[in-house]
Amino acid sequence: MSTLYIVRGLPGSGKSTLGYALCGDRSYAADDWFEFKADNEDKTYSEVFDPNDLPKAHELCQERVENAITGYLNGDVYGKGDVAVCNTFSQQWEAQPYIDMAKRHGFNVCVIECQNKFENTHNVPDAAVSAMAARWEQIS
């Protein structure tokens, strides 16, 4: 049975690195939306990041994860069907759509919490990171 890895952690904890190590190109994040936008506009992530765009970024992330899962189930992808989604997921409700999606498609769910402190590549302000940490809750 395939697994959906929900990789969570504060900015700079190694979520994306771990997701890629687990699933390669089948690793997704809401940050991808801003990275695509930055590449298309020849700007940096920090220059294009707008908190008002977060709902769109998360919607795209959910669509991409669902497409990866259903593509595998439909035989469009060869090999292992594992998928990773790498977002902060500070609260249960943020991960719940992915948990429901995995269950709906018969995937196992594995929640991994990154607690490392690497470089914060998207330059998230310390106050924003502290706010994320303050609302942190267990995901089951």
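Read on for an overview of the structure. Fair warning: this is a prediction, and the values are worked out from it, not measured in the lab.

Let's talk about unusual backbone geometry
Item 1. Even without being glycine, D42 reaches a positive phi, approximately 55°.
Item 2. Mapped onto the elements of the fold, D42 is located in the loop between helix 2 (31-40) and helix 3 (45-48).
Item 3. One non-glycine residue with positive phi stands out, namely F89, at about 45°.
Item 4. Tracing the sequence through the fold places F89 in the loop between strand 3 (83-86) and helix 5 (92-104).

Examining the layout of surface pockets
Empty pockets left among the atoms are what a rolling probe the size of a water molecule brings to light.
Item 1. Of the volumes computed, that of the largest pocket is approximately 1100 Å³.
Item 2. Around the largest pocket, the lining comprises 46 residues; the ones closest to its centre are K15, D31, Y45, N87 and T88.
Item 3. Class assignment of the residues belonging to the lining of the largest pocket gives a composition of 21 nonpolar, 17 polar and eight charged.
Item 4. There is about 240 Å³ of room inside the second largest pocket.
Item 5. Lining the second largest pocket are 15 residues; nearest its centre among them are L10, S13, Q115, N116 and K117.

Let's talk about the packing of helix 2 against helix 4 (residues 54-73)
For any two helices packed against each other, one specifies the inter-axial angle together with the distance between the axes.
Item 1. Between helix 2 and helix 4, the least distance of the axes is 7 Å, while the angle of their chain directions is 105°. Judged by the inter-axis angle, helix 2 sits roughly perpendicular to helix 4. Two secondary-structure elements touch here, helix 2 through D32, W33, F34 and F36 and helix 4 through L54, K56, A57, L60 and R64.
Item 2. The residue inventory of the contact of helix 2 with helix 4, partitioned by class, reads six nonpolar, no polar and three charged.

Some thoughts on the nonpolar core
Item 1. Of all hydrophobic cores here, the largest spans 24 residues; its most connected members are L4, I6, V65, V83, V85, F89 and Y98.
Item 2. Sorting the residues of this core by element identifies strand 1 (3-8), helix 2, helix 3, helix 4, strand 3 and helix 5 as the ones contributing at least two each.
Item 3. Once you skip the residues sitting within four places of it in the chain, F89 turns out to touch I6, V7, R8, E94, A95, Y98, W136 and I139.
Item 4. Counting residues in hydrophobic clusters, the runner-up holds six residues, among them Y5, V7, C23 and A84.

Regarding the pattern of salt bridges
Item 1. Overall, the coordinates contain six salt bridges when judged by the stated rule.
Item 2. Linking E41 and K43 is a salt bridge whose minimum nitrogen-to-oxygen distance equals 3.8 Å.
Item 3. Here K56 and D53 are joined by a salt bridge, their closest N and O atoms 3.2 Å apart.
Item 4. Given the relative accessible area of 8%, D53 is considered buried.
Item 5. One network of salt bridges, in which partners are shared, links K37, D53 and K56.

Focus on the environment of Y98
Item 1. With respect to the helices and strands, the residue Y98 is situated in helix 5.
Item 2. A C-alpha to C-alpha distance of 11 Å links Y98 and C86, two positions 12 residues apart in sequence.
Item 3. Apart from residues no more than four positions distant in its own chain, Y98 is found in contact with L4, I6, H58, C61, Q62, V65, V85, N87 and F89.
Item 4. A polar side-chain atom of Y98 sits 3.4 Å from the main-chain amide nitrogen of Q62.

Describing the side chain of D32
Item 1. Following the sequence through the fold, D32 ends up in helix 2.
Item 2. For D32, a relative accessible area of 15% translates into the label buried.
Item 3. The residues contacting D32, other than those within four sequence positions of it, are S27 and R64.

Conventions we followed
Residues numbered from 1 in each chain as written. Predicted model: local features only at pLDDT ≥ 70, side-chain atom pairs only at ≥ 80, totals over all residues. Heavy atoms only, no water. Helix = DSSP H or I, 4+ residues; strand = E, 2+ residues; numbered from the N terminus. 1 Å grid on protein atoms, 1.4 Å probe; cavity = no way out; pocket = protein on both sides within 12 Å on 5 of 7 lines; lining within 4 Å. Points joined across faces, edges and corners; volume = space filled by probe spheres on them. Nonpolar A, V, L, I, M, F, W, Y, C, P; charged D, E, K, R; others polar. Axes fitted to C-alpha atoms, helices over the stretch in contact; angles between N-to-C directions. Parallel < 35°, antiparallel > 145°, perpendicular 65-115°, else oblique. Contact = heavy atoms within 4.5 Å. Core = buried A, V, L, I, M, F, W, Y, C linked by side-chain atoms within 4.5 Å. Buried < 20%, exposed > 50% of the residue type's maximum accessible area, 1.4 Å probe, protein only. Salt bridge = Lys/Arg side-chain N within 4 Å of Asp/Glu carboxyl O. Polar contact = N/O pair within 3.5 Å; in protein donor to acceptor, adjacent residues only side chain to side chain.

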